[in-house]
Amino acid sequence: MIDKEKFDDWYNEIVETAELCDKRYPIKGMNIWKPYGWKIMQNIDALIRYEMERTGHNEVYFPLLIPESYFKKEEEHIKGFSAEVYWVTHAGKNELEERLLLRPTSETALYSIFSLWIRSHADLPLKTFQIVNTFRYETKMTKAFIRVREIHFFEAHTCHADYEDAERQIKEDLEIAERFFKKLCLPFIVSKRPDWDKFAGAYYSIGIDVLMPSMKTLQVGSIHQYKQNFSKPFEIKYEGKDGKHYYCHQTTYGMSERVLGAIVGIHGDEKGIKLPSSIAPIKVVIIPIIFKGWEEKIMEECRKIKEEIEKLGLSCHIDDRDKTPGNKFYDWELKGVPLRVEIGPKDIENEVISIATRDGIKKKIPVNEIQKLKEELEEYDKRIYAEAEKFLKENIHVLKEVESREGILELPWCGKEECGIKMEEELDMKSLGTPLPEKECNEKCAICKEKATTWLRLAKTY
RNA sequence: GGGCCCGUGGGGUAGCUUGGUAUCCUUCCAGCUUGGGGUGCUGGUAACCCGAGUUCAAAUCUCGGCGGGCCCA
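What counts and how
- Residues numbered from 1 in each chain as written.
- Chains lettered and ligands numbered in written order.
- Predicted model: local features only at pLDDT ≥ 70, side-chain atom pairs only at ≥ 80, totals over all residues.
- Heavy atoms only, no water.
- Helix = DSSP H or I, 4+ residues; strand = E, 2+ residues; numbered from the N terminus.
- Rg over C-alpha atoms; globule rule 2.2 N^0.38 Å.
- Buried < 20%, exposed > 50% of the residue type's maximum accessible area, 1.4 Å probe, protein only.
- Areas by Shrake-Rupley, 256 points an atom, 1.4 Å probe, with all protein chains shown as cover.
- Lys, Arg positive; Asp, Glu negative; His and termini not counted.
- Charge placed at Lys NZ, Arg CZ, Asp CG, Glu CD.
- Core = buried A, V, L, I, M, F, W, Y, C linked by side-chain atoms within 4.5 Å.
- Domains from an automatic or database assignment.
- Contact = heavy atoms within 4.5 Å.
- Expected span 1.5 Å × (residues − 1).
- Arc of directions from axis to C-beta.

## Digging into the overall build of chain A
A count of helices and strands for chain A gives 12 helices and 23 strands. Its C-alpha radius of gyration of 25 Å places chain A within 12% of the 23 Å reference for a compact globule of 462 residues. When burial is assessed residue by residue, chain A has 54% of its 462 residues classed as buried. Taken as a whole, chain A presents about 21,900 Å² of accessible surface, with 48% of it coming from carbon and sulfur. On chain A, the mean spot of the 73 positive side-chain charges and the mean spot of the 82 negative ones are 1 Å from each other.

Structure, rendered in structure tokens:
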């Protein structure tokens, strides 16, 4: 893992040298996805779609533009987003009768229509999601994948008959997160955000955070319980079995390319990025070790091995560029390919292939045991997860008093806002909220010394 | 919201104080050579963010814009 001091420079450089994005597009916070980076992002999206599918969510795609009248329906929501909205005011030379905005998030677009879709209890629960671009005019510093103005956004929106069913949904969302982030080898913490920091319009918000090597946390997912805060202004009502009309209860679950930012940051080292095998566009790269007189023999063997690797369902690429092997090694390590296979004259003579995992384990495998590569990848994933988990655990500090430490702090808290704010100020950190699942506390509040009812997590954040 | 630094070939840079011929490394292209951790040689392509101002003359000085990085609230 990269040192804290070096991290910011390293990150800014690596996202471009690993060919994930190109930052030269002249609009702040709007970077170009390069083919390699975009492929990784699509693989991440595919994992999300898989989880949505198996939990009965349906994919939709709503328009990018939202009429001002829709956006204005929920007061808290407007307050939270109006400062960062992009407006469309003209079409050609004509001023529009009604201003349109680029979605900063899609609640107001979806919910206006949900009110038409939902008529009876039989329409519930309604479980939808979409993967779209959203736009937020960020005033703070932008950073590739971490703070951007055009966001590659996943948002699940659900409607339920009652609060209990919405709560069940949130439990399901947390299970989805568990499976999803495990595949990305990303350990995380879940916190219920304090009231003063919940999503605009939410009844409560849950944040999914990871710890970056810079010792700042990065929010990579959020889950919101809206209760009836949106269904009332948007009039999303259904007819119950008793013939009466009720407002729905709603939830959302959101994630973005920040997930990729987290993978880059947490699994990175001096050589480059390390991709979990679940999302690596190339899982195995073959480097031919060519010597004079061996050209054809080596290439033939490479092609044969490639075919066998692909039969295992592993994407495989032969790097036949006219460069020296060492040069290629550095290239693919930079780009995070999990497994490298070298094939040279000695390997052919001994009927083996030489392999090296991205985290530095080298061995020889007999050519008739190629299926072992699958196990090697599994072990590799486990190792990079374990390394990240160790880092996270080592940097969560459970304290009794306000004390300046790096990482994530947990302090006993009475639950009063003023005490929480005071902790933020004294530590120069932001509160992430209270641990989920809930954690018992028998201490005294670190500020007012009254009985603490829970713990407050604090950290420096992105 | 307030402040600081920066912008030179694809990437990284020198030059800017004291205005006048744009440096080096790398990448890229061609050829030969080499090939189990960044081979070597020869040749080639390629740049002063945009606009205005000062001046005989601006990469260099002034102002503005856009973009990038950082710090504080």
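## What to know about the nonpolar core
Proteins that are soluble and globular tend to have nonpolar side chains buried together. I44, F181, L184 and Y253 are the most contacted members of the largest nonpolar core, which has 62 residues in total. When residues of this core are assigned to their parent elements, the largest contribution, 7 residues, is made by helix α2 (residues 35-54). In this structure, this core is formed jointly by two domains, domain 1 (4-266) and domain 2 (284-376), each of which donates at least three residues. In this structure Y253 touches F154, E155, A156, D173, I176, A177, F181, I208, S222 and I223, once residues within four positions along its chain are discounted. Formed by 25 residues, the second largest nonpolar core is a distinct cluster that contains A109, L110, F230 and Y238.

## A word on helix α6 (residues 163-183)
Here α6 contains 21 residues, and its C-alpha end-to-end distance of 31 Å stays within 8% of the 30 Å for a straight helix at 1.5 Å per residue. For α6, every residue scored as buried is listed here: D165, A166, Q169, I170, E172, D173, I176, A177, F180 and F181. Buried positions in α6, seen along its axis, are confined to an arc of 165° and lie on one side of it. The exposed set on the far side of α6, more than 90 degrees from its buried face, consists of R168 and K171. Just downstream of α6 lies C185, where phi reads positive at about 60°.

All quantities given are derived from atomic positions and should not be read as evidence of function.
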